[in-house]
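Examination of the molecular architecture
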Amino acid sequence: MREDPLSFKEKQPLKGYIVIDRELCKECHLCIRACKQGLIIPSEEYNTRGYRPVCFKDEQGECVGCSLCAITCPDIAIEVYRE
Amino acid sequence: MKKVFGRPKSMKSNIFHYCAGCGHSIAHRLIAEVIDEMGIQGITIGVPPAGCAVLAYNYFDIDMIEAQHGRGPATATGIKRVLPDRIVFSYQGDGDLAAIGIAESFHAANRGENITVVFINNAVYGMTGGQMAPTSMLGQKTTTSPTGRKPILDGHPVQVSEVFSLLPGTTYIERCTVNSPASILKAKKAIRKAFQYQVEGLGFSLVEILSPCPTNWKMTPTEACQWIDEVMNKVFPLGVLKDIPAGEKKESGKKP
Amino acid sequence: MQGNKVIGEAAIRAGCRFYAGYPITPQNELPEYMAERLRLVEGGVFIQSESEIAAIHMVVGASAAGARSMTSSSSPGISLKQEGISSLAACQLPAVIVNMMRGGPGLGNISPAQGDYFQATRGGGHGDYRVIVLGPATAQELADLTMDAFDLADRYRSPVMILADGMMGQMMEPVIFKEPKPRVYPENYIMKGAGSGKSKIIRGLILDPLEMEEHNWTLERKYRVISQQEPRHELYRADDAELILIAYGTGARIAKGAIKRLREAGIRAGLFRPITLWPFPTNDLRDLAKSVKNYLVFELSTGQMLEDVRLALQGYARIGFHGRPGGVVPTPVELANVVMRQYDRKQGIIEHN
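If you're wondering where the values come from, they're calculated on a predicted model, not measured in any experiment.

Rules of the game
- Residues numbered from 1 in each chain as written.
- Chains lettered and ligands numbered in written order.
- Predicted model: local features only at pLDDT ≥ 70, side-chain atom pairs only at ≥ 80, totals over all residues.
- Heavy atoms only, no water.
- Helix = DSSP H or I, 4+ residues; strand = E, 2+ residues; numbered from the N terminus.
- Buried < 20%, exposed > 50% of the residue type's maximum accessible area, 1.4 Å probe, protein only.
- Contact = heavy atoms within 4.5 Å.
- Buried area = accessible area lost by both parts, 1.4 Å probe.
- Salt bridge = Lys/Arg side-chain N within 4 Å of Asp/Glu carboxyl O.
- Polar contact = N/O pair within 3.5 Å; in protein donor to acceptor, adjacent residues only side chain to side chain.
- Nonpolar A, V, L, I, M, F, W, Y, C, P; charged D, E, K, R; others polar.
- Pairing = 2+ DSSP bridges.
- Axes fitted to C-alpha atoms, helices over the stretch in contact; angles between N-to-C directions.
- Domains from an automatic or database assignment.
- Core = buried A, V, L, I, M, F, W, Y, C linked by side-chain atoms within 4.5 Å.
- Phe/Tyr/Trp six-rings, centres within 6.5 Å; stacked < 30°, edge-to-face > 60°.
- Lys NZ or Arg CZ within 6 Å of the ring centre and 35° of its normal.

**Describing unusual backbone geometry**
- With omega at 0°, the peptide bond leading from C:Gly104 into C:Pro105 counts as cis.
- Take C:Pro105: it is sitting in the loop between strand S4 (95-101) and helix H6 (117-121).
- Of note, the amide linkage connecting C:Trp278 to C:Pro279 takes the cis form, showing an omega dihedral of 0°.
- Despite not being glycine, A:Ile76 has its phi angle at roughly 50°, a positive value.
- By secondary structure assignment, the location of A:Ile76 is in the loop between helix H3 (68-72) and strand S4 (78-82).
- A positive phi is found at B:Ala123, a non-glycine position, where the angle reads about 60°.
- Owing to a relative accessible area of 0%, B:Ala123 belongs among the buried residues under this scheme.

**A look at the interface of chain A and chain B**
- The partner chain B presents 28 residues to the 29 residues of chain A that form the contact.
- With both sides pooled, the region where chain A packs onto chain B buries about 2,400 Å², and carbon together with sulfur makes up 66% of that total.
- On the chain A side of the interface with chain B, the three residues burying the most area are A:Arg33, A:Ile71 and A:Ile76, jointly 28% of the side's total.
- Taking the shortest distance from any N to any O, the salt bridge between B:Lys3 and A:Glu79 comes out at 2.8 Å.
- Viewed at the interface, chain B and chain A are joined by 10 residue pairs in polar contact (both at pLDDT 80 or more).
- Here the side of chain A that touches chain B gets 5 residues from one element, more than from any other, and that element is S4(A).
- Grouping the constituent residues of the side of chain A that touches chain B by class yields 15 nonpolar, 5 polar and 9 charged.
- Alignment of S4(A) against strand S1 (residues 2-5) of chain B, held across 3 bridges, turns out to be antiparallel. Considered in S1(B), the bridge of A:Arg82 is made with B:Lys2.

**Some words on the sheet that holds strand S10 (residues 269-274) of chain C**
All names here are of chain C.
- If you trace the 5 strands from one edge of the open sheet to the other, you get S8-S10-S9-S12-S13, paired in mixed fashion. What marks the edges here is a single partner per strand, and that holds for strand S8 (233-236) and strand S13 (318-323). In this sheet, adjacent strand axes meet at a mean angle of 20° when their direction is disregarded.
- Inspection of the sheet shows strand S9 (residues 243-246) paired to strand S12 (residues 294-299) by 3 bridges, in the parallel sense. Its bridge partner being in S12, Leu245 is matched across the sheet by Leu296.

**Some remarks on the interface of chain C and chain B**
- Counting from both sides, the interface comprises 34 residues of chain C and, opposite them, 29 residues of chain B.
- For the pair chain C and chain B, the summed buried area comes to about 2,600 Å², and 60% of that belongs to carbon and sulfur atoms.
- For the pair chain C and chain B, the interface holds 2 salt bridges.
- When the shortest N-O distance is used, the salt bridge between B:Asp63 and C:Lys200 registers 3.7 Å.
- On inspection of chain C and its partner chain B, the count reaches 16 residue pairs in polar contact (both at pLDDT 80 or more).
- Examining the composition of the side of chain C that touches chain B, we find that 8 residues originate from one element, helix H3 (residues 52-64) of chain C, more than from any other.
- Its residues placed into classes, the side of chain C that touches chain B shows 20 nonpolar, 8 polar and 6 charged.
- The sheet contact formed by strand S3 (residues 63-65) of chain B and strand S7 (residues 201-202) of chain C spans 2 bridges and is parallel. Residue pairing for S7(C): B:Ile65 is matched across the bridge by C:Ile202.

**Quick word on the environment of C:Ala269**
- In this structure, C:Ala269 sits in strand S10.
- C:Ala269 sits 110 residues away from C:Pro159 along the chain, and the two C-alpha atoms are 36 Å apart.

**Details of the environment of C:Glu42**
- Among the secondary structure elements, C:Glu42 is positioned in the loop between helix H2 (29-38) and strand S2 (45-48).
- In this structure, the C-alpha to C-alpha distance between C:Glu42 and C:Ala149, residues 107 residues apart in sequence, is 22 Å.

**So, the domain arrangement of chain C**
All names here are of chain C.
- By the assigned domains, chain C splits into domain 1 (3-194 + 217-229) and domain 2 (233-349).
- Inter-centroid distance (C-alpha atoms) of domain 1 to domain 2 is 27 Å.
- Contacts between the two partners involve 33 residues from domain 1 and, on the opposite side, 26 residues from domain 2.
- The largest per-residue losses of area from domain 1 upon contact with domain 2 belong to Gln114, Tyr117 and Phe118, which jointly make up 31% of the total buried on that side.
- At the junction of domain 1 and domain 2, the tally comes to 3 salt bridges.
- In this structure, Glu173 and Arg253 form a salt bridge, with 2.4 Å as the shortest nitrogen-oxygen distance.
- There are 15 residue pairs in polar contact (both at pLDDT 80 or more) connecting domain 1 and domain 2.

**Points about the side chain of C:Thr71**
Residues and elements named next belong to chain C.
- Relative to the helices and strands, Thr71 is located in strand S3 (residues 68-73).
- Residue classification places Thr71 among the buried positions, given a relative accessible area of 0%.
- Leave out the neighbours within four places in its chain, and Thr71 touches Tyr19, Ala20, Gly21, Ala55, Ile56, Val59, Lys81, Val96, Ile97 and Val98.

**Here's the deal with the nonpolar core**
- In this structure, B:Ile65, C:Met70, C:Ile246 and C:Tyr295 are the most contacted members of the largest nonpolar core, which totals 119 residues.
- In terms of residue count, the dominant contributor to this core is helix H7 (residues 139-156) of chain C (10 residues).
- Both domains that furnish three or more residues to this core are identified here as domain 1 (3-194 + 217-229) and domain 2 (233-349) of chain C.
- Among residues more than four places away in sequence, those in contact with C:Met70 are C:Ile7, C:Ala11, C:Cys16, C:Phe18, C:Tyr19, C:Ala20, C:Leu30, C:Met34, C:Val59, C:Val96, C:Val98 and C:Phe150.
- In terms of nonpolar packing, the next biggest core, distinct from the first, is built from 62 residues, A:Val19, B:Ile35, B:Ile184 and B:Tyr197 among them.

**Brief notes about the packing of aromatic side chains**
- Across all of its chains, the model carries 12 aromatic pairs over all chains by this definition.
- Ring geometry for B:Phe16 versus B:Tyr59: centroids 4.8 Å apart, planes at 75°, classification edge-to-face. Here the residue B:Phe16 occupies a position in the loop between S1 and helix H1 (23-38), and B:Tyr59 occupies one in the loop between strand S2 (44-47) and S3, the gap between them amounting to 43 residues.
- Both rings, one in C:Tyr19 and one in C:Phe46, keep their centres 5.8 Å apart while their planes meet at 5°; by these two values the pair is stacked. Note that C:Tyr19 is positioned in strand S1 (residues 16-21) and C:Phe46 in strand S2, a separation of 27 residues in sequence.
- These aromatic residues form a ring-pair network of at least three members: B:Phe16, B:Tyr18 and B:Tyr59.
- Between the NZ or CZ atom of C:Arg183 and the centre of the ring of C:Tyr185, over which it lies, the distance is 3.8 Å.
- Stacked on the ring of C:Tyr236, the Lys or Arg C:Lys256 has its end atom at 5.0 Å from the ring centre.

Here is the structure:
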C-alpha cells in the first residue's frame, strides 16, 4: 500500500513530495530525525512484517524534495519527487 | 514532478534482512548508486564477507563470489589479477577484515592490489550476536566482554585505517560514517573516489565506514547514530588518511 | 628434470596461468619455478602469498575468474588450506593442489613421508565432499598426472590433489611432456562481470537445509560418477604372483626394488599400485583377490592406505602391513627382508591387526 500522491496534488501546488513504501519501512525513524520540516510522523498501523511504517504528512505543502529523508533511509523505502 | 530519488538499478528489490537502522543497508545503497553512476554494473565483481552482509549477493545485482571468513581480499586479488580490467571490491566487517582476515587485508594493501575494500566498522560482531570485535572500544560492553573491554585482557581497539595508511602500497584511505544525511553524502563521495581510483589503475583503496548497529549496541537507531558522533568518533576520527593521487597525505585524524 | 620443477612445467604446458603459494620445504623449487616461468607466459600470474591460507583463497578467486589455477605446499601447509579446499568443492570450482608430503604430525620434519593419505582422501576439510587424489610414482608421472589433474578438475568442476612426497620433489629423472589436451569446461559459472546479462552468484552458503541437502546429493552424484570412471592403478609382475605388495608413490618404487630381491629369493611377488588414491581402485583390487590371497601393504606411515585396502579385501584375502613413518625412507632390501619374515608359503602372510 503506497501513499497516493495525486490526493495531495489536488489540494494545493507542491514543490516536492515523497512516497513511502510501507512494506519496506522498518520504523527506524531516521527519516523523522532527518526531515527539517518535521513532515514525517510515526504511525500506529502495522505492515505485514510487523513494523509500523512512518507516514508523510504535508498538509501545508512544505516539502521541497530535499531528499534528506530518502538519503538516510536504510531500506530505500522513500522515493522523492520534485518540480 | 520528476523522480529525483529512487532505488538504484544495481540494487535488487529484495527487502534487506538487516535490522532497522543498520549501516549495512545504507552502505549497500551507496555502492549501488556509485556503480550505477559510473556505469560499471556489467564489469563489477563483488566479494561479500562472512557476517551480517554474507547475503549481500541477494541485494547487489552484480556478479558476486562468496569468500570464506576474512579471505575476501585474497579472493579479490585472485580475480583482479586474472581479470585486471574488471572492477573488484571486497566488502567486509570488523571480524572479517581486522581479526581473522587481518593478514589477507594487510598484505593485499601492502601489495597495493588495485582493488577497493569497503570496511563496515560497527565495533561489534553483529551476525553472531554481539561479541567483542577488534574495533570495540575500551569499556564497551559486549557479550564476550560483559564488564567492558579492558586493555590488559582484551587489548585496544584497532585503528585499521591509520595502520594501513602507513603502508607505502596503499593509495587512498578515508574514514567516513553514515549516521546523518550529510555524512552519508560524504561517504558516497569517498566510495566514488575509491572506485574511480580503481578504474584508473591507481592502486589499493580502503573506505572505512563507521556504522550503527542498534541491535547489538542495545540502542534505538537514532541513539546509535548519536553514539557514533559522541563516542566512536573519538577513537576513530573521520577524514582522509591518505590520498596519494590528490597529493595529500594527512596526519591521521585531521579533516581535509 | 627435478620433480618439483616437472610439476611446474607440466602445469604451465597444461595451461595453468595462476599460481599462488608460500615457501615450505620440500617443495620450494615449485613456487620458484612458477615465479620464473609464469612471468614469461601471456596472462601468467604468480603471487607469493602471505600464507598458505591466502594462497588457496587466491586460487578460489582466480579459478572463479576462469583461469587454470594451482597452489602447492607440504603437509602442515595443506592442513591450513582445508577450508579453502572445502570451499572449492562446495562452489564447484576447478583447481589443482599439490602436496609434497613430509614427516608429521605437527611441524614434523622435512623428510619424505606418506602420512597425509587420510587428510587427502578423507576430506581433510569439513563437509560432505571428496577430492580426486592422484599419486604419482615417477617424475614422468608427475608430468603426466599434473596435466591430467587440470583436465579432471575442469571436467568435474572439482579440486584435484597431487599427492607426492619430498623425495619425488627432489629427484631428477628424464621426462617427456605429452601434448596438452584442449581445455574443455562449461563456461557458465565463470565470474567475469555480468556484462549485459544476468548477474551470477558463486556461493557455498545455503541456509535452507532441504536446499543444502539437494546440493550435497548433487555433489555426491558427481563423486559416484568419478568413482566409476576414474580409478587408475598399475600392476607390476602380478600375473604369476603368489604375494602382492600394495604401495603408492615413493613406496611403490621401493616395493619394485623389493620385488626384484624377493623373486631372486624364490618368492613370486608382484605389486598393485593405486594411481588414484581417491577414487581408490577397490574393484580392481577385489578382482585380483580372486586369484591372489596374500597381500602386504607398504606405506611410509603407520598405516593409512591400509584401511582402504581392508575395506576392499577384508574377508577376501590375508592382509599384512609394513610401515615406516616420520620421514624414514627404508631401502628395498629392508622391505624384502620384512616380507620374507612375514610371509610363509604354507600359512600365508602374517596378518596385521
